[in-house]
Amino acid sequence: MVDVCERSPSYIRAIAPYLPGKPISELAREMGLKEASIVKLASNENPLGASPKAVAAMRAALDEVARYPDGNGFDLRMALAKMYGIAAERIVLGNGSNDVLEMAAHAFLAPGASAVYSQHAFAVYPLATQAMGATGIEVPARDFGHDLDAMKRAVRGDTRVVFVANPNNPTGTWLAPDALHAFLRKVPADVLLVLDEAYYEYLDPGRRGDSLKWLEQFPNLVISRTFSKAYGLAGLRVGFAFAHSQVAELMNRVRQPFNVSNIAQAAATAALSDQDFVYKSRALNAQGMLALTAGFKRLELSWIPSCANFVSFKVPKAADVFQRLLRQGVIVRPIASYGMPEHLRVTVGTEAENKRFLAALEAVLTGLR
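Residues numbered from 1 in each chain as written. Predicted model: local features only at pLDDT ≥ 70, side-chain atom pairs only at ≥ 80, totals over all residues. Heavy atoms only, no water.

Participant: Please give an account of the pairing of strand S2 (residues 91-94) that cites residues and values.
Facilitator: What you see with S2 is no split at all: Ile91 and Leu93 on one side and Val92 and Gly94 on the other are buried throughout. Bridge analysis of S2 against strand S8 (residues 239-243) gives four bridges, and the strand direction is antiparallel. Within S8, the position partnered with isoleucine 91 by the bridge is phenylalanine 242. (Buried < 20%, exposed > 50% of the residue type's maximum accessible area, 1.4 Å probe, protein only. Helix = DSSP H or I, 4+ residues; strand = E, 2+ residues; numbered from the N terminus. Pairing = 2+ DSSP bridges.)

Pasting the structure below:
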């Protein structure tokens, strides 16, 4: 009997599936814990939840769940166009920014092509590349961040896509706008550069470049962002991209029909109108980052300075520490799969959540000594 799975392309069978942060419900089942007692700081979610305006919009949209959503996402795209000053035909909507990243890969990668990305960068870049049968070129990181000069040298004649994350996940490193702009000028015009700005809203305003203005200068630039982080809509899966209209049209050809639900579209549209909520989220994040790094300093642990809503820290016996934290009802993220086996990543939480994490970490480290 022919094994049907053997008929799948070898590059598909070789994919190691993406491993998300452990859900609260799963840990509760495994450890016999009450869900309410568990603190999850593993998936870079907003500890404030979602904007009240977004929640109200979701409730209002419930009456229409029997109907398919607007496949073109007209209201959301128009709201994004108005907010950012970008023509609606240059906006692509995704089921999370992961979806947008995969659309870029589907539209531009194929067997015989290659994509360039950094070591310690978001796991979806190699996954999307491999799923298309293309060759991934991982460039060694510099100080846990992107080495743009080395990435430029890694571009080959068959390279069709370059992925850059700013800030980067899981390291939180940041690239200055001048350095990014200089890199864009060096990337061949026939190579798509995907600039992943999922954590853009968490950047201090003084560090933000106006990457959207670069779209006029560089037709090969795609900028992806998300509503999953600062906007607090991770459970709804809404992402978006800005691109040249012809690039956007190609991405829309491979976009799945109705990929963003009507509830998600309504919530995202309302969330855009509540920038006060985003400001509060960024302020809470800044305070929490100071508390976490002060805790690491007190515990004599090193960490990677982060410009996002998480921080990766180095700890002895990281895998063991992760498991011991789970037993205390605290979920963080092991990042050995990112080539960082001695580090753990923790999301910035509320004041209470950060204190709970630091106390649990101190207890675990004491127990290992």
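There is more to say after this.
Participant: Describe in detail the packing of aromatic side chains, supporting the description with residues and values.
Facilitator: Applying the stated criterion across every chain yields a total of 14 aromatic pairs. On the basis of an interplanar angle of 75° and a centroid distance of 5.2 Å, the ring pair of tyrosine 199 and phenylalanine 310 is categorised as edge-to-face. Here tyrosine 199 is found in the loop between strand S6 (192-196) and helix H9 (214-217), whereas its partner phenylalanine 310 is found in strand S9 (residues 310-314), with 111 residues between them in sequence. Classification of tyrosine 199 as buried rests on a relative accessible area of 4%. Residue phenylalanine 310 is classed as buried on the basis of its relative accessible area of 0%. (Phe/Tyr/Trp six-rings, centres within 6.5 Å; stacked < 30°, edge-to-face > 60°.)

Participant: Now, about the environment of proline 9: what can you tell me, with residues and values included?
Facilitator: Position of proline 9 relative to the elements: it lies in the segment before helix H1 (10-13). For proline 9 and valine 187, which are 178 residues apart along the polypeptide, the C-alpha to C-alpha distance reads 31 Å.

Participant: Give me the lowdown on the nonpolar core, citing residues and values where you can.
Facilitator: Residues Leu80, Leu221, Phe227 and Phe242 are the most contacted members of the largest nonpolar core, which totals 55 residues. In this structure, leucine 221 is in contact with Leu184, Leu193, Leu195, Ser211, Trp214, Leu215, Phe242, Ala243 and His244, ignoring residues within four places of it in sequence. (Core = buried A, V, L, I, M, F, W, Y, C linked by side-chain atoms within 4.5 Å. Contact = heavy atoms within 4.5 Å.)

Participant: Explain the layout of surface pockets to me, and be specific about the residues and the numbers.
Facilitator: Its boundaries defined by the atoms lining it, the largest pocket holds a volume of some 680 Å³. Those elements that place two or more of their residues in the lining of the largest pocket are strand S3 (114-118), helix H6 (124-131), helix H13 (318-327), strand S11 (333-334) and strand S12 (343-347). The residue inventory of the lining of the largest pocket, partitioned by class, reads 26 nonpolar, eight polar and four charged. By volume, the second largest pocket amounts to about 510 Å³. Here the lining of the second largest pocket takes three residues from helix H5 (residues 97-108), the largest share from any one element. Tallied by class, residues from the lining of the second largest pocket come to eleven nonpolar, nine polar and seven charged. (1 Å grid on protein atoms, 1.4 Å probe; cavity = no way out; pocket = protein on both sides within 12 Å on 5 of 7 lines; lining within 4 Å. Points joined across faces, edges and corners; volume = space filled by probe spheres on them. Nonpolar A, V, L, I, M, F, W, Y, C, P; charged D, E, K, R; others polar.)

Participant: Give a detailed account of the sheet that holds S12, specifying residues and quantitative values.
Facilitator: Overall, antiparallel pairing links the three strands, which are arranged S9-S12-S11 in an open sheet. Strands with a single pairing partner mark the edges of an open sheet, and in this sheet they are S9 and S11. Direction of pairing for S11 relative to S12: antiparallel, over a ladder of two bridges. When the bridges of S12 are listed, arginine 333 appears paired with arginine 345.

Participant: For the pairing of S8, give the residues involved together with the corresponding values.
Facilitator: With five of its five residues buried, S8 lies for the most part within the structure. Alternating residues of S8 divide into Gly239, Ala241 and Ala243 and Phe240 and Phe242, and every residue in both groups is buried. Inspection of the sheet shows strand S7 (residues 221-226) paired to S8 by five bridges, in the antiparallel sense. Residue pairing across strands places arginine 225 opposite phenylalanine 240, the latter belonging to S8.

Participant: Provide a residue-level description of H13, including the pertinent values.
Facilitator: Every buried residue belonging to H13 is among Ala318, Val321, Phe322, Leu325 and Leu326, and all of these are buried. Viewed along the axis of H13, the buried residues span an arc of 140°, placing them on a single side of the element. The secondary structure elements touched by the buried residues of H13 are helix H2 (24-31), strand S10 (330-331), S11, S12 and helix H14 (351-368). Glycine 329 sits one or two positions beyond H13 and adopts a positive phi of about 80°. (Arc of directions from axis to C-beta.)

Participant: For the environment of aspartate 178, give the residues involved together with the corresponding values.
Facilitator: By the secondary structure assignment, aspartate 178 is in helix H8 (residues 177-186). Take aspartate 178: its relative accessible area is 69%, and that puts it in the exposed class. In the structure, aspartate 178 is positioned 31 residues away from glycine 209 in sequence and 8.2 Å away in space, judged by C-alpha atoms.

Participant: Explain the side chain of serine 306 to me, using residue names and the numbers behind them.
Facilitator: As for its position among the elements, serine 306 is in the loop between helix H12 (275-298) and S9. A relative accessible area of 16% means that serine 306 is categorised as buried. Among the polar contacts made by the side chain of serine 306, one reaches the main-chain amide nitrogen of alanine 308 at a distance of 3.1 Å. A polar side-chain atom of serine 306 sits 2.5 Å from the main-chain carbonyl oxygen of phenylalanine 310. Serine 306 has contacts with Thr171, Gly172, Met289 and Val311, leaving out every residue within four places of it along the chain. (Polar contact = N/O pair within 3.5 Å; in protein donor to acceptor, adjacent residues only side chain to side chain.)

Participant: Can you tell me about the side chain of threonine 226, naming the residues and giving the values?
Facilitator: Here threonine 226 is to be found in strand S7. A distance of 3.4 Å separates a polar side-chain atom of threonine 226 from the backbone oxygen of valine 238. Every residue in contact with threonine 226, bar those within four places of it in the chain, is listed here: Ser97, Ala198, Tyr231, Val238, Gly239 and Phe240.

Participant: Describe the packing of H12 against H14, listing the residues and the values that go with them.
Facilitator: H14 packs onto H12 with a crossing angle of 15° between their chain directions and a minimal axis gap of 10 Å. Classified by the interaxial angle, the pair formed by H12 and H14 is roughly parallel. Where H12 crosses over H14, the handedness of that crossing is right-handed. Residues Gly288, Ala291, Leu292, Gly295, Phe296 and Arg298 of H12 pack against Asn354, Phe357, Leu358, Leu361 and Glu362 of H14. (Axes fitted to C-alpha atoms, helices over the stretch in contact; angles between N-to-C directions. Parallel < 35°, antiparallel > 145°, perpendicular 65-115°, else oblique. Left-handed = near helix turned anticlockwise from the far one by under 90°.)

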